[in-house]
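# Descriptive structure summary
In case you want the letters, here they are:
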Amino acid sequence: MKKEFYIISDLIENNSRVLDVGCGDGTLMEYLKNNKKIDIRGIEISKNNAQKCIGKGLSVIEGNAEMDLTQFPDKSFDFVILSQTLQAFLNPETVIKELLRIGKKAIVTIPNFGFWRVRLHLLLKGTMPVTKNLPDEWYNTPNLHMCTIKDFYNFCYARNIRLDKSLAFHNGKTSSINEINLNIKNLSAELGIFSIEQ
Amino acid sequence: MNINAKIKSLNIDKPLNLDCGQTINNYTLAYETYGSLNKKKDNAILVFHALTGDQFVSGTNPITKKDGWWSYAVGSGKAVDTDKYFVICANVIGGCMGSFGPSKINPETKKIYGINFPVITINDMVNAQYNLLNFFKIEKLFAVMGGSMGGMQVLQFVSNFPDKAKIAIPIACTSSHSAQNIAFNELGRQSIMADAEWVGGDYSSQNKTPDKGLSVARMAAHITYLSKNGLQEKFGRKLQERDDLKFSFDADFQIESYLRYQGSVFVDRFDANSYLFITRAMDYFDLTKEYNGNLSRAFAKTKTKFLIISFTSDWLYPTSENKEIVIALNAIGADVGFVEIESDKGHDSFLLDVPEFLNTLKDYINNSYSNN
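The structure displayed is predicted, hence computed values, not measured ones.

Now for the overall build of chain A. Secondary structure assignment for chain A yields 8 helices and 8 strands. A globule of 198 residues ought to have a C-alpha radius of gyration of about 16 Å, and chain A, at 16 Å, matches this closely. When each of the 198 residues of chain A is scored for burial, the buried share is 43%. Long-range pairs, those at least 24 residues apart, make up 64% of the contacts in chain A with a sequence separation of at least 6.

What follows deals with the domain arrangement of chain B. Residues and elements named next belong to chain B. If you check the domain split of chain B, you get domain 1 (3-177 + 286-370) and domain 2 (182-278). One C-alpha centre belongs to domain 1, the other to domain 2; they are set 26 Å apart. Each partner contributes to the interface: domain 1 provides 26 residues, whereas domain 2 provides 19 residues. A per-class count over the side of domain 1 that touches domain 2 returns 11 nonpolar, 11 polar and 4 charged.

It is common to give the size of an interface as the accessible area that goes away when the parts come together. Contacts between the two partners involve 16 residues from chain A and, on the opposite side, 21 residues from chain B. Taken together, the residues of the side of chain A that touches chain B sort by class into 7 nonpolar, 6 polar and 3 charged.

Turning our attention to helix α11 (residues 355-370) of chain B. Compared with an ideal rise of 1.5 Å per residue, which puts 16 residues at 22 Å, α11(B) spans 22 Å between its outermost C-alpha atoms and is within 8% of the ideal. Buried residues of α11(B): Phe357(B), Thr360(B), Leu361(B), Tyr364(B), Ile365(B) and Ser368(B), and no others. When α11(B) is viewed along its axis, its buried side chains cluster within an angular range of 125° and face the same direction. For α11(B), the exposed residues lying more than 90 degrees away from the buried face are Pro355(B) and Ser370(B). Buried residues in α11(B) make contact with α3 (47-55) of chain A together with β7 (80-81), β11 (141-147), β12 (165-171), β13 (305-311) and β14 (335-341) of chain B.

Turning our eyes to something else, we now look at the pairing of strand β8 (residues 86-90) of chain B. Residues and elements named next belong to chain B. For β8, a buried count of 5 out of 5 residues is recorded, marking the element as mostly surrounded by other parts of the structure. Note that strand β4 (residues 27-34) and β8 share 4 bridges and pair antiparallel. By the bridge assignment, threonine 33 is partnered in β8 with isoleucine 88. Summarising the sheet, strand β5 (residues 44-47) and β8 pair through 4 bridges and their orientation is parallel.

What counts as what
- The residue numbering used here restarts from 1 in each chain and proceeds along that chain's sequence as written.
- Numbering of ligands from 1 and lettering of chains from A proceed in the order in which they are written.
- Reporting of local features is limited, given that this is a predicted model, to residues whose pLDDT is at least 70; pairs of side-chain atoms are given and counted only at 80 or more, and all residues count toward the totals for whole chains, interfaces and linings.
- Helix numbering and strand numbering both begin at the N terminus, where a helix is a DSSP run of H or I of at least 4 residues and a strand a DSSP run of E of at least 2.
- In this description the radius of gyration comes from C-alpha coordinates, and the expected globular size is given by 2.2 Å times residues to the power 0.38.
- A residue is called partly exposed when the number of other C-beta atoms within 10 Å of its own lies between 12 and 20, exposed at 12 or fewer, and buried at 20 or more, with C-beta atoms placed from the backbone.
- By the convention adopted here, residues are in contact when the distance between their C-beta atoms, placed from the backbone, does not exceed 7 Å.
- Domain delimitation in this document rests on an assignment produced automatically or drawn from a domain database.
- Throughout this entry, Asp, Glu, Lys and Arg are counted as charged residues, while Ala, Val, Leu, Ile, Met, Phe, Trp, Tyr, Cys and Pro are counted as nonpolar. The remaining residues, Gly among them, count as polar.
- Between the first and last residue of a helix there are one fewer steps than residues, each counted as 1.5 Å, and that sum is the expected span.
- An arc is given here, and it is the one of the directions from the helix axis to the C-beta atoms.
- Two strands pair if DSSP finds at least two bridges between them.

This is the structure:
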């Protein structure tokens, strides 16, 4: 399991109710279920992945988070997870609103477009960045709304979304993000991991 | 050969209050089982059959000599592995494979019920089958499952008995029969009733059989079980054992011949009045209405874990209707999973060899059981 999932898992309390939005093949769900006694649900857009999850006995709904989150009642989950998926939505702002409506807290991770390698790629090569976390070419990327750690931080600030935890992730290590080090973390981290609430 | 010798049946003397207002005090439920019940009695799966199914889920049907209707899914080493699970299936009341139905004799009048059989509902069918738990001394089933009308029974079962099944798998079904569903059923019923041999439902006592009406009903229904693409791919405009059109009303096309065959074999195994009563039960099914338009309330108390499955090419019980069940369950925070399986085999997909469906089902069942 990738390191990011361990970090997400650490942010979640045992025995809580969790929804994993864009749960992929269910790796994180299984881990949370088995190790933290989480009452876990998932939603996944890919048929193949949704079937893999169901095959593992996980309660996953094949569906599109952008349309299908409306069916969940307000604050019906303790945590809602959105791992590296925000940038793929047509309307990320609406999705964040929905996450905060159905979850008491939301854990959102974003591939950081402000990471120095990404910036350097664009600066020196002059082509759209292709990195480990952003492996697709401009013409086939599912990512419609790339953002930086700083963008997301400012986004939350402007909407009075409380940043319960803001973590920068690089080379397997995490560090806290705050107002003072924001510009540095925005340059040095591959991934931003945020626990937010409203 | 005595047919009844091949049918296991349970005589129930506990009164059953039917939705139509009548009460039946003594009735028969024909059933079949596969595999064996373990000591903990936690491996029982109750399968509900669809409109024209029966209790013979797997193996060879001893009456028709054909494969059981869900042989692809149920059996040794199959998705529902009978080496591991104890599978029970009963013929629904209203049916014609040994259970209390319109072809039985009314003890009061000493005549075949025929059209005087009570108009039963899905709820009545499920309440009748609930007696199987007591009969097998099963406190809680591991699973209830079924497709089409079988799926409707699954929904009704969990609604009526929220704590009697660990998992529930309704497949290719709906919580409320649509106008289109009712329309097709009405077409079938009118076709039976238009057959002079139906004689107001009294054909048995007059040694008649409304074969033509029943076979047309089956032909029409059969079309609804397949998809346009599936039909086109299998038959297209291919001609039946001829090089050119005959300029007649013989079965020039393979699809005509196929449908005629489906109709003709159906009448050998199915009773016309049963077809009327069971399709009526399906049409009356509306779990949403039962709870004043709020389907979620039908499942309010349930702890059962659900898996809803639909098929892309099923236009009879389309994905959208299956998803309504998912939405209702999510609205109350129930434990529910959902997948739509890609298949061009239409509504019938759940009965056929659709590997993605069968593999997903198998893994889900086994993993849900081992997480006991």
